[in-house]
Amino acid sequence: MRACGAIAPILFAGTAAAVERGGVESPFAAGVGARARALGGAYVAVAEGPTAAAWNPAGLAFGERKKIVFFYTSPFVEGNRYTFAGYQHPFLGLGTFGFGNSRYGVDGIDKYDASGAALGTFSSVQNEWIFSYALPPMGPLALGASVKAETHSIDGHRATGIGADLGAIVRAEGSPETFLSGRNVAFGCAVQNALRPTLALAEGEDRHPMLLRAGLAYRIPLARGSGNLLTLLGGVDLGAESGSRARAGAECVLDNGLSLRIGANDEEWASGLGIEIANGRLDYTFGSMELGSIHRLELSFAFGKSLRERIEEARNREEQKLGERTEEELAKKEERQHGASLEEGNALLAHGEYSGAEAAFERALLWDPESAEAADGLRKARVERRIAAGDARLAAGDLLEAIAEYRAALAIDPDDERASRLAAETTERLDRSTARSREVGERLARGIEHLALSDFAKARAEFEKALEIEPGNADAMRYQARADSLVALRVDILVEEGNWFRDRGRPETAIERYGEALAFRPDRDDLAREIARLRAGAPSETRRDEPVAPPSETPAPRPLTADELREAERMYRSGLDAFKAGRYGEANRYFEFVYGLSRAYENAESYLKQSLLFLGMDLYTGGRLEEAIRNWERILEIDPEDEKALSYLGRARAEARKTQDLPQRTQ
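Residues numbered from 1 in each chain as written. Predicted model: local features only at pLDDT ≥ 70, side-chain atom pairs only at ≥ 80, totals over all residues. Heavy atoms only, no water.

1. Focus on the overall build of the protein
Applied cut-off: Helix and strand definitions here come from DSSP, where helices need a minimum of 4 consecutive H or I residues and strands a minimum of 2 consecutive E residues; each element is numbered from the N-terminal end. Burial classes: relative accessible area under 20% of the type maximum marks a residue as buried, over 50% as exposed, and values in between as partly exposed (1.4 Å probe, protein chains only). The criterion used for residue contact is that any of the two residues' heavy atoms lie within 4.5 Å. Surface accessibility follows the Shrake-Rupley procedure with a 1.4 Å probe radius. Residue values consider only the protein chains on display as shielding.
Along its length, the protein carries 19 helices and 16 strands. Expressed as a percentage of its 667 residues, the buried residues of the protein come to 47%. Expressed as a percentage of contacts within the protein between residues at least 6 apart in sequence, the contacts between residues at least 24 apart total 55%. Entry remark: accessible area of the protein is about 32000 Å², with carbon and sulfur atoms responsible for 55%.

2. As for the packing of helix α5 (residues 307-350) against helix α6 (residues 354-367)
Threshold: Every angle, taken between N-to-C directions, lies between 0 and 180 degrees, and every axis is a line fitted to C-alpha atoms, over only the stretch in contact when it is a helix. Angle categories: roughly parallel below 35 degrees, roughly antiparallel above 145, roughly perpendicular from 65 to 115, and oblique for all the rest. Crossing chirality is assigned from the near helix's rotation relative to the far helix, an anticlockwise turn below a right angle marking it left-handed and a clockwise turn marking it right-handed.
Closest axis-to-axis distance for the α5/α6 pair is 8 Å, and the angle between their directions is 160°. Considering the angle they form, α5 stands roughly antiparallel to α6. Where α5 crosses over α6, the handedness of that crossing is left-handed. From α5, E334, Q337, H338, S341, L342, E344, G345, N346, L348 and L349 reach across to α6, where they touch Y354, G356, A357, A360, F361, R363, A364 and W367.

3. As for the packing of aromatic side chains
A ring pair, where both rings are aromatic, is described by two values, the distance of the centres and the angle of the planes. The condition that has to hold: Here is the rule: rings of Phe, Tyr and Trp (six-membered ring for Trp) pair when centre to centre is within 6.5 Å. Planes less than 30 degrees apart are stacked, more than 60 are edge-to-face, and the remainder are tilted.
Inspection of the entire model under this criterion finds 22 aromatic pairs. When the centroid spacing of 5.5 Å and the interplanar angle of 20° are considered together, the rings of F591 and Y607 count as stacked. One end of the pair, F591, is in helix α16 (residues 584-597); the other, Y607, is in helix α17 (residues 604-621), and 16 residues separate them in sequence. Overall, the relative accessible area of 0% leaves F591 in the buried class. With a centroid separation of 5.0 Å and 50° between ring planes, the pair formed by W632 and Y648 is classed as tilted. Within this pair, whereas W632 is found in helix α18 (residues 625-638), its partner Y648 is found in helix α19 (residues 643-665), the two being separated by 16 residues in sequence. Judged on exposure class, the residue W632 and its partner Y648 are both buried.

4. Section: a nonpolar patch on the surface
Our working rule: By definition, no residue in a patch forms a salt bridge, and every one has over 30% relative accessible area; like charges are joined within 9 Å, nonpolar side chains (Val, Leu, Ile, Met, Phe, Trp, Tyr) within 5 Å. When a carboxyl oxygen of Asp or Glu lies within 4 Å of a side-chain nitrogen of Lys or Arg, that pair is called a salt bridge.
Judged by side-chain polarity, Y72, L260, L273, I275, I277, L282, L297 and F301 come together as a nonpolar surface patch covering roughly 650 Å² of accessible area. Broken down by secondary-structure element, the contributors of at least two residues to the nonpolar patch are β14 (268-277) and β16 (292-303). Take Y72: it is sitting in strand β1 (residues 66-73). On the basis of relative accessible area, Y72 is assigned to the partly exposed category, the value being 42%.

5. A word on the pattern of salt bridges
What the rule picks out here adds up to 51 salt bridges. The partner of D526 in a salt bridge is R524, with the nearest N and O atoms 2.9 Å apart. No difference in accessibility class separates D526 from R524, as the two residues are buried. What you see here is one network of salt bridges that share partners, running through R35, E48, E251, R261, R281 and D283.

6. Some remarks on the confidence of the model for the protein
Convention followed: Think of pLDDT as the predictor's per-residue confidence, scored from 0 to 100.
Taken residue by residue, the protein gives an average pLDDT of 82. The fraction at 70 or more is 87%. Contacts from residues 1-23, a stretch scored under 50 in pLDDT, to residues over four places away or in other chains number 51 contacts. Predicted confidence is poor over residues 540-553, with pLDDT under 50, and the contacts of this stretch with residues over four places away or in other chains come to 18 contacts.

7. A closer look at the environment of S271
Take S271: it is sitting in strand β14. Under the relative-accessibility criterion, S271 is labelled partly exposed at 32%. Taking the C-alpha atoms as reference points, S271 and E251, 20 residues apart in sequence, are found 9.7 Å from one another.

8. Some points on the nonpolar core
The following threshold applies: Side-chain atoms within 4.5 Å are what join buried Ala, Val, Leu, Ile, Met, Phe, Trp, Tyr and Cys residues into a set we call a nonpolar core.
Formed by 70 residues in total, the largest nonpolar core has its most connected members in Y572, F579, F591, Y620, W632 and Y648. Residues within four places of Y572 in sequence aside, it is in contact with E319, F591, V594, Y601, E602, N603, A604 and Y607. By size, the runner-up hydrophobic cluster in this structure holds 32 residues, among which are F28, Y104, A134 and I154.

9. Points about the environment of G59
Within the secondary structure, G59 sits in the loop between α4 (52-55) and β1. Look at G59 and you get buried, because its relative accessible area is 0%. Expressed as a C-alpha distance, the spacing of G59 and G167, which sit 108 residues apart in the sequence, is 8.2 Å. Once residues within four sequence positions are removed from consideration, G59 is found in contact with A47, E48, G49, A52 and I169.

10. A look at the pairing of strand β13 (residues 258-265)
Put simply, the test is: Strands qualify as paired when DSSP identifies two bridges or more between them.
Here strand β12 (residues 243-253) pairs with β13 via seven bridges, running antiparallel. Across the sheet, G249 pairs through a bridge with G263, a residue of β13. Taking the residues between adjacent antiparallel strands as the criterion, β12 and β13 are bridged by four residues, where G257 takes a positive phi near 95°. As paired strands, β13 and β14 are joined by seven bridges and run antiparallel to one another. When the sheet's bridge partners are listed, G263 is paired in β14 with A270. Between the antiparallel neighbours β13 and β14 lie two residues.

11. A closer look at helix α10 (residues 438-452)
Since there are 3.6 residues in each turn of an α-helix, residues three or four apart along the chain are aligned in direction. Using the following cut-off: One less than the residue count of a helix, multiplied by 1.5 Å, gives the span that helix is expected to have.
Taking 1.5 Å per residue, 15 residues should reach 21 Å; α10 reaches 21 Å between its end C-alpha atoms and fits that length. For α10, the tally of buried residues reaches eleven of 15 residues, placing the bulk of the element in the interior. Those residues of α10 not exposed but buried are V440, G441, R443, L444, A445, G447, I448, E449, H450, L451 and A452. Two residues or fewer after α10 comes S454, characterised by a positive phi angle close to 65°.

12. What about the packing of α5 against helix α7 (residues 372-395)?
Look at α5 against α7: their axes get within 11 Å of each other, and the N-to-C directions meet at 30°. Between α5 and α7, the angle falls in the class roughly parallel. In the packing of α5 onto α7, the handedness of the crossing is left-handed. Residue-level inspection shows H338, L342, N346 and L349 of α5 in contact with α7, the latter providing E373, A374, K380, A381 and E384.

As structure tokens, this is what we get:
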């Protein structure tokens, strides 16, 4: 028996390409998707979603979410069916996988025997199963490939062929901003049947030809700042057996979700539209060709979180873990520094280097303010330093200074028996050897004791009392001048700190500093006025001796351009890499750059503060006190309430003041 007249109806029911080219091409070569067909098939440069597997597998790389699509073509004749169903799944950092099935079937084909007698009907069904993969975009470049299995069942005969496609797209990142812009252009090319499927049926072998598709797209913004976009598309198909075919199309996408399309090739004129619906899109195409008109419908749904959202979540998880590791590292670093400072302090104390031991224990308290061991060590170092200073004064014959040092040691530790004994012995010796009145000597001793403890007001009061008793007393006048000098230095430091906090929006702390300075110098009317102004919230007045810049409101951050966003992303990632590696100085430079572009960019502010904190710790440990203070002050410029920076700065500034006081005390 034979199937007479079978081939012609099958071809008639197939696509125009299969008809006009005598079956050289597979019916699936015409492509799938209502949008693609409305653009005349000039789709290779803008292919996307599951239908990209049939046009250009590289287009899968631009898929943001999981998506499923269904495509249906109205039949030319009764019994003709052409459908497609596909799915894409983007994986985080691994590219995008796609799967699709195109099915072309014809039912009710008449069957005859050799004599022409009717034998009933049979069906012809062709399936193309496509498995596609696209690499993650490499900048503007996307690459993809498909492996496909094509099957053909006809009147009890079945054949299967395996083929492969390759594709590439070059598409600039970002949206076009002007008519003439490098971001407007996209180029794509695909090699279909790079591995040619071969199907062997009863009447012969059918080997599908290789086909090269290339296309260009140019996007034109219709209004700056709006989502309205016009895309002009062109393409060409080149086949060794099927010849060449030109394609052209245009698409206008409006910001209300409506898309209008038109396209043509040498077989068909087409037009269509698309409508965004919730998480999906409905596309319709009307085509007119020699065989008649045809309608195509495509329905797609996107679901799940987008790739950008998943990347953001992954980054947030990574940065959360980094934050936890940073907290742990900070605690460990503080613990290490605390332990090292304690060890250094105890060693120096044992060798009689009391000033060095005192500085080491103060550093230990910087890293752990609650450390009882450091506080006890600091107390011992201070007591020993005072006793040693008293012994030196005693050896030089300066009994009054020696008594002051011993009493300063007792003020630090009232239970220290040695300091108590030495103070009593030296006082008794002074009483026997001096001609001064007992009261003048006591006043001077107490004044020097207060001066050694930086209690300037009490020290000055004692010296004034001594001068009232003995107006020409040279020691009282000398120590009073020293107290005045130290008071002036302390006032200058307090005013400087008050100005710093005032200029950075910390009026409460500034008032505290001005108040302390005013307690030393009640005659400073400018400080009293500044305190009143800050409490009233009025604009700052300009002093003659210290100009103050008028406060300015922080301008609202401007949106970053696409180029700035890319640069911010690059610098932010570089900063994270440097931060993870412990290169805090390098990380600080990257985060300062990003923070300068946008204060709200991801976690740039947090990492900038942390890099400054760690950098300051390293500088402080290395003895570079002023540089450490500048780093921690920078943190307060960013966040005036940062507790760590405030804590570190408080002790570091106290140490800096102490360093400034030392030359005065030794005069």
